[in-house]
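# Secondary and tertiary structure notes
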Amino acid sequence: MISKKIVLHFPTRLVDEPIVYKLVKDYDLKFNILKASVTPQEEGLMVLELSGKTEDYDKGVEYLKSCGVKIQSLSHDIRRNEAKCTDCGVCIPICPVEALAVDPKTRKVTFESKKCIACELCVKICPTRAMEVHF
Amino acid sequence: MKTIKEINEKIKKGDAVVVTAEEIIDLVGKKGAKKAAQEVDVVTTGTFGPMCSSGAYFNIGHSKPRIKIGGGACKLNDVPAYCGLAAVDIYLGATAIPEDDPRNKVFPGEFKYGGGHVIQELVSGKDVRLEATSYGTDCYPRKKLDTLVNIKDLNEAVLFNVRNCYQNYNVAVNLSDKTIYTYMGMLKPKLGNANYCSAGQLSPLLKDPHYKTIGIGSRIFLGGGTGYVAWQGTQHNPSVKRKENGIPQAPAGTIAVIGDLKQMKPQYLVGISMLGYGVTMAIGIGVPIPVLNEEIAAYAAAKDEEIYTQIVDYGEAYPQMVPGSLGEVNYAQLKSGRITVHGKEVPTGNLSSYSKACQIAEELKAWIKKGEFFLSEPVAPLPAAESGYTLKPLKERPIPEAGK
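Quick caveat, the model's predicted, so the values are computed rather than measured. (Residues numbered from 1 in each chain as written. Chains lettered and ligands numbered in written order. Predicted model: local features only at pLDDT ≥ 70, side-chain atom pairs only at ≥ 80, totals over all residues.)

Below, the discussion takes up the overall build of chain B. Of the regular secondary structure elements, chain B holds seven helices and 26 strands. For chain B, the C-alpha radius of gyration of 23 Å lies close to 22 Å, the compact-globule estimate for 404 residues. Oriented by its inertia axes, the alpha-carbon framework of chain B measures out at about 70 × 60 × 45 Å. Counting every position in chain B, which comprises 404 residues, the buried fraction comes to 49%. Within chain B, residue pairs in contact and separated by at least 24 positions form 73% of the contacts whose partners lie at least 6 positions apart. (Helix = DSSP H or I, 4+ residues; strand = E, 2+ residues; numbered from the N terminus. Rg over C-alpha atoms; globule rule 2.2 N^0.38 Å. Buried ≥ 20, exposed ≤ 12 C-beta atoms within 10 Å, placed from the backbone. Contact = placed C-beta atoms within 7 Å.)

Here it is, written out as C-alpha cells:
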C-alpha cells in the first residue's frame, strides 16, 4: 500500500473530464480531496491524498501524466519565509495537523512540511504573511 | 543600597553586572534576592508584539514653491497620514489603511498594507511615495505634491507611540459557534484555541510591577534604537486586581514612548496584517531595570508560574463590554501549549514573539555592557496602584435637539 499527498495541475482542456473518477474506477485508488479550485480560462488545481496498492498507484499516476496532468508532490507547497517570520506562534493552535510548533530550546517556530496538508489556514492568519504558497 | 548614578559609573568603567530578566530568575532562586541585588546592577527586559497605538511623525522639508499640507490631505504609499499640524509636519498611524482597501467587504478582509508597513519600509531605507494636496495660500501657493521621499532626507522622523508595552494582557477565546477574526487573531468556535499576547517573565512592566524604576524619562530600547518613556500610555490602568506578589492579574499599566526612527531597525518594527481586523505594527521594546535594592531584585525575578492573567470570551463578552473572566491561568501554563477552559483542553498561541523578546533583552544587555547605553533617572513616576488613576468606559450622552 502507498499513500501520498499530491498536487495536480489540470490544463484548461481537461477541466471538464472526469479524471479523478477514473482513478477510482480503473485503478482502484482511494482519494481524499484536500483542496480543489478551477479558475475561469485558467487551469484547475487539486490537492489530493491518493492511496492504494503501489502497482495501482503507479499506473494511476502514469494515466494522469498521459492525460497531460502535471503532478507535484505536496510537501513543497507551503513554505515558511524565515526572513518574514517573527516567531510569535499564533499559527500553532490553528494548524489542524500540528505541523507548526515552538522549539522549547530556541523558542523559535518550527514547520514540519511533511505533516502539512496545505489547508492554508496559517497562510491567511500569519500576521507577517510569512507562510507562503508555492506552486 | 545603590543609585542609578553609581550604576552608570560602573557602566562607564565597563564593570556593570547586567543580566536578562530570565537570568535574574535563576540567580534569585539560587542566591536569594539580597545577594542577587548586591551582585547585579541591571536587569534587561524585552517584548515584541503588536502594539496598535503606534505611529511616527515626520517633517518632510519645504518644497519650492511651498505647500501647506496642514489642513490638506496626504498619503504615504497610498496610506493616509494625519495633516492637522503645521505646513509640512505629518503623523502616520500604524493602523491607517489605503482609502481603496476593500476592508471587510469580503469577510474576513486581508488588510495587506497599511501604516505599519510604510513605517517598516521607511526604516528599511526604501523610498516611499508622498502625495499631498492642499488649497493654496499667499505664503504656501502650491496645491499638489507627488514625490518620492527617503527617511535619510527627512528633517525629523520620530516614532511616537501613545500606548505600548501593556503590563499583562487577556487570553482570548471564543465561546460562540462561529469562527471570529479579532486583533487577538483568528479564534475558532467553541474554545477551538486560546491566544495570548505577552512575553510573560521577560515583559518590562511585569518585572517592575509597581513602576518603582520605570518612569517618565526612562531611557529604553525602542525598535532597535534608543527611545524614552514619554508619559504613561493611554488606558494606563494601574489599579486592577493584583496578586500578593504585586503583579496585576489583568491588563494594567502602559507607557507612551518616543524615539528617533532613523536609528531604528526593520526587524524590530514590523508591519503586520490581522485577518478580518486590520493593519498594525509589531514593536520591539526593552526596558532596563536598575537593581537599586533587594525589593527590586525580587520583583524582577518573577517567573512565568507567578504571573497570572484572565481568560476572556471574545465571541460575546469582549465586544459587548460585559465584564468577567472565564478563569485565570499563568504564563507557564500558556507557554506549555495547552490550557484548560471550562473543562476543555485548548491549544494556545502567542501573538508576542518570545524569541524576539529574548533577542531584545540580550541586545540591550550587550549595549549596557559595552558602555553604549546608560540608564536615566525618571523625571516623574508613572501613576501607581494607589494613585486612583483608572480606565473609564465612555458614557454616551444624548445630543440636545437644535434650538433648545
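Back to the text.
On to the interface of chain B and chain A, then. On the side of chain A, 17 residues touch chain B, which itself brings 23 residues to the contact. Put simply, the parts of the chain that give the side of chain B that touches chain A at least two residues each are β3 (47-50), β13 (185-187), β19 (269-274), β25 (344-350) and α7 (354-369) of chain B. Tallied by class, the residues present in the side of chain B that touches chain A amount to twelve nonpolar, ten polar and one charged. (Nonpolar A, V, L, I, M, F, W, Y, C, P; charged D, E, K, R; others polar.)

So, on to the sheet that holds strand β4 (residues 70-73) of chain A. All names here are of chain A. If you walk across this open sheet you meet the four strands as β2-β3-β1-β4, and the pairing is antiparallel. The open sheet has two free edges, formed respectively by β2 (30-38) and β4, since each of these has just one partner strand. Each neighbouring strand pair of the sheet contributes to a mean axis angle of 25°, computed without reference to strand direction. Pairing of strand β1 (residues 2-10) with β4, which is carried by four bridges, proceeds in the antiparallel orientation. Directly across from Leu8, in β4, lies its bridge partner Ile71. (Pairing = 2+ DSSP bridges. Axes fitted to C-alpha atoms, helices over the stretch in contact; angles between N-to-C directions.)

This part takes up the domain arrangement of chain A. Residues and elements named next belong to chain A. Assigned domains of chain A: these are domain 1 (2-75) and domain 2 (79-133). Each partner contributes to the interface: domain 1 provides six residues, whereas domain 2 provides six residues. Here the side of domain 1 that touches domain 2 is composed, by residue class, of three nonpolar, one polar and two charged. (Domains from an automatic or database assignment.)

All names here are of chain B. Direction of pairing for strand β4 (residues 55-59) relative to strand β7 (residues 89-93): antiparallel, over a ladder of five bridges. Within β7, the residue paired with Tyr57 across the bridge is Tyr91. Taken together, the four bridges between β4 and strand β10 (residues 156-164) define a ladder with antiparallel strand orientation. Note on β10: the bridge partner recorded for Ala56 is Leu159.

Looking at the secondary structure, you find Phe160(B) in strand β10. For the pair Phe160(B) and Pro383(B), spaced 223 residues apart in sequence, the C-alpha to C-alpha distance is 20 Å.

Glancing now at helix α2 (residues 23-31) of chain B. Residues and elements named next belong to chain B. When we look at burial in α2, the residues that qualify are Ile24, Ile25, Leu27 and Val28. Its buried side turned inward, α2 meets β1 (18-20), α3 (33-39), β2 (42-44) and α5 (294-300). At the exit of α2 stands Gly32, carrying a positive phi of roughly 90°.

Below, the discussion takes up unusual backbone geometry. Residues and elements named next belong to chain B. Each neighbour pair has its own omega, and for Lys64 with Pro65 the value is -10°, a cis peptide bond. On the secondary structure map, Pro65 appears in the loop between β4 and β5 (73-76). For Leu191, which is not glycine, the phi dihedral falls at a positive 60°. Tracing the backbone shows Leu191 in the loop between β13 and β14 (194-196).

Next up on the list: helix α2 (residues 54-67) of chain A. All names here are of chain A. Taking 1.5 Å per residue as the helical rise, α2 with its 14 residues ought to reach 20 Å, and the 20 Å between its terminal C-alpha atoms agrees with that figure. All buried positions along α2 are accounted for by Tyr57, Gly60 and Leu64. Projected down its long axis, α2 carries its buried residues within an arc of 65°, all on one side. Opposite the buried face of α2, at more than 90 degrees from it, the exposed residues are Glu55, Glu62, Lys65 and Ser66. On its buried face, α2 is in contact with β1, α1 (19-25), β3 (44-52) and β4. Following α2 by one or two positions, Gly68 adopts a phi angle in the positive range, close to 100°. (Expected span 1.5 Å × (residues − 1). Arc of directions from axis to C-beta.)

Another aspect to go through is the sheet that holds β2(B). All names here are of chain B. Ordered by their spatial adjacency, three strands build an open sheet running β1-β2-β21, and the pairing between neighbours is mixed. Of all strands in the sheet, those with a lone pairing partner are β1 and β21 (288-290), marking the two edges. Taking each pair of neighbouring strands and ignoring which way they run, the sheet shows an average axis angle of 25°. Inspection of the sheet shows β2 paired to β21 by three bridges, in the antiparallel sense. The residue bridging Thr44 from the neighbouring strand is Pro288, located in β21. Each of β1, β2 and β21 touches α7; the most contacted strand, β1, lies at about 175° to it.

Residues in a regular strand point their side chains to alternate faces of the sheet. Residue and element names in this part refer to chain B. Pairing of strand β16 (residues 219-222) with strand β17 (residues 225-232) involves four bridges; the strand directions are antiparallel. Across the sheet, residue Phe221 finds its bridge partner in β17, namely Thr226. What sits between β16 and β17 in their antiparallel hairpin is a turn of two residues, with Gly223 showing a positive phi close to 60°. As defined by bridge partners, β17 adjoins strand β18 (residues 255-260) across five bridges and the pair is classed as antiparallel. Bridge pairing in β18 places Trp231 opposite Ala256.

What follows deals with the nonpolar core. Of all hydrophobic cores here, the largest spans 140 residues; its most connected members are Cys91(A), Ile24(B), Ala297(B) and Ala300(B). Among the elements that make up this core, the one with the highest residue count is α7(B) (seven residues). When residues no more than four places from it in sequence are discounted, the contact partners of Ile24(B) are Val19(B), Ala36(B), Val40(B), Val43(B), Ala297(B), Ala300(B) and Ala301(B). (Core = buried A, V, L, I, M, F, W, Y, C linked by C-beta atoms within 7 Å.)

Residue and element names in this part refer to chain B. Structurally, the position occupied by Ile90 is in strand β7. Overall, the presence of 24 C-beta atoms within 10 Å leaves Ile90 in the buried class. Residues Ile90 and Phe58, 32 residues apart in the sequence, show an inter-C-alpha distance of 5.4 Å. Residues within four places of Ile90 in sequence aside, it is in contact with Tyr57, Phe58, Ile60, Ile69, Cys74, Ala81, Tyr82, Cys83 and Leu85.

What follows concerns the environment of Val158(B). All names here are of chain B. Relative to the helices and strands, Val158 resides in strand β10. The class for Val158 is partly exposed, based on 17 C-beta atoms found within 10 Å. In the structure, Val158 is positioned 105 residues away from Gln263 in sequence and 9.7 Å away in space, judged by C-alpha atoms. In contact with Val158, not counting residues within four places along its chain, are Ala56, Tyr57, Ile258, Asp260 and Leu261.

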